[in-house]
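The primary structure of each chain is shown beneath.
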Amino acid sequence: MITIGCHLSSSGGYAQMARDAIAIGANTFQFFTRNPRGGAAKPIDPADIAAFHELAAEGGIERILCHASYTLNPASDDPAVRDFALAALRDDLQRMEYTPGQLYNMHPGMHKKQGVERGIELTAACINAALEPQQSTTLLLETLAGKGSEIGTNFLELAAIISRIELQDRVGVCLDSCHVWDAGYDIANELDRMLEDFDRCIGLSRLRAIHLNDSMNPCGSHKDRHARLGEGCIGLDALIRITQHPALRDLPFYLETPNKTLDGFAQEIALIRKEHP
Ligand code: FE
Ligand code: FE
Ligand code: ZN
């Protein structure tokens, strides 16, 4: 069975996310630990975690993905911004131990005017300072679309960060279909070529999750505007092929599509499930 879900609001707690996921036909979900724009996270409620584990076991939810605040910038040229990113990352990874063995996704950051090499070094240093050997979470770096000075727009940049990580078995990659398309990988016509490139640069065994989004803009636009499945430039057939590809179909898939209600996500999940009998 395909593992598919969407981004859910964490404001109601872990158990509520499990209920929401089950209600829309999802068997996984993504969430922010804190307000996506940064700030303090709500304290963990052990009763909520216990209820979550029970619901997850009943609903077949084995995998969850936590997304770091997207404003964190471990590659900033400002030491105060870097310190804030490290503190948030450490705190998030400690909280992740309430749900052991799960996935944590972060954006590799913006290098600003320092250049990509320096950005890569700073991001790797932040991850090395945050990851603890006794922790059980796998940290994923997300492929980015190439807005501004984003790092991780091509696979070599992600490989360069990963090669600098001390705890090699704790890092992987989350591939965002909208982002790689916007970055210039034509996944509608040349999916295999992109996967070969990924394998050559990073190694396919590092690929641990997929953000399944259509894109409002053409390939190579560097815009990062998500569209609902089939309502963008990648198209539904190409997105279905991604979920069915032998190298990808066993990974967890997460919709980050513009839906105002959970019903919208339920429709998209049903659309993909129909292709995975
Ligand atoms: Fe993201
Ligand atoms: Fe994403
Ligand atoms: Zn995006």
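Up top is the structure.
Read on for a plain summary of the structure. Worth saying up front: this structure is predicted, and the values here are computed from it rather than measured.

## Some points on the side chain of Thr143
Next up, step 1: Assignment of secondary structure puts Thr143 in the loop between strand E5 (138-142) and helix H5 (155-163).
Next up, step 2: A relative accessible area of 2% means that Thr143 is categorised as buried.
Next up, step 3: Residues contacting Thr143, with those up to four places away along its chain left out, are Gly152, Phe155, Leu158, Val173, Cys174, Leu175, Asp176, His179 and Val180.

## Thoughts on the packing of helix H4 (residues 116-130) against H5
Next up, step 1: Here H4 crosses H5 at 40°, and the two axes come no closer than 8 Å. It follows from the interaxial angle that H4 and H5 lie oblique. Handedness of the H4/H5 crossing: right-handed. Of the residues in H5, those touching H4 at Val116, Ile120, Thr123, Ala124 and Ile127 are Glu157, Ala160 and Ile161.
Next up, step 2: When the residues that make up the contact of H4 with H5 are grouped by side-chain class, the tally is 6 nonpolar, 1 polar and 1 charged.

## Focus: the coordination of the iron ion (ligand 2)
Next up, step 1: Protein coordination at the iron ion (ligand 2) comes from Glu142 (OE), Asp176 (OD), His211 (ND1) and Glu256 (OE), with a distance range of 2.0 to 2.2 Å.
Next up, step 2: Between the 4 donor atoms coordinating the iron ion (ligand 2), the angles at the centre fall across 85 to 170°, so the site counts as irregular.
Next up, step 3: All donors of the iron ion (ligand 2) come from a single chain, and their spacing in sequence reads E-x33-D-x34-H-x44-E.
Next up, step 4: In this structure, the iron ion (ligand 2) is positioned 3.4 Å from the iron ion (ligand 1), and both are ligated by Glu142. Highlighted residues: Glu142 in strand E5 and Asp176 in strand E6 (residues 171-176), separated in sequence by 34 residues. Like Asp176, Glu142 is buried.

## A look at the coordination of the zinc ion (ligand 3)
Next up, step 1: Bound to the zinc ion (ligand 3) on the protein side are His179 (NE2), Asp224 (OD) and His226 (NE2), at distances that span 2.0 to 2.3 Å.
Next up, step 2: Read in sequence order, the donor residues for the zinc ion (ligand 3) give the motif H-x44-D-x1-H.
Next up, step 3: The distance between the zinc ion (ligand 3) and the iron ion (ligand 1) comes to 5.4 Å. Taken together, the residues span a long stretch of sequence, with His179 in helix H6 (residues 177-183) and His226 in strand E9 (residues 226-227) at a distance of 47 residues.
Next up, step 4: Look at His179 and you get buried, because its relative accessible area is 2%.
Next up, step 5: A relative accessible area of 18% places His226 in the buried class.

The rules we used
- Residues numbered from 1 in each chain as written.
- Chains lettered and ligands numbered in written order.
- Predicted model: local features only at pLDDT ≥ 70, side-chain atom pairs only at ≥ 80, totals over all residues.
- Heavy atoms only, no water.
- Helix = DSSP H or I, 4+ residues; strand = E, 2+ residues; numbered from the N terminus.
- Buried < 20%, exposed > 50% of the residue type's maximum accessible area, 1.4 Å probe, protein only.
- Contact = heavy atoms within 4.5 Å.
- Axes fitted to C-alpha atoms, helices over the stretch in contact; angles between N-to-C directions.
- Parallel < 35°, antiparallel > 145°, perpendicular 65-115°, else oblique.
- Left-handed = near helix turned anticlockwise from the far one by under 90°.
- Nonpolar A, V, L, I, M, F, W, Y, C, P; charged D, E, K, R; others polar.
- Donors = N, O, S within 2.8 Å, 3.2 Å for Na, K, Ca; no water.
- Tetrahedral: all angles 85-135°; square planar, octahedral: opposite > 155°, others 65-115°.

By themselves, these figures tell us nothing about what the structure is for.
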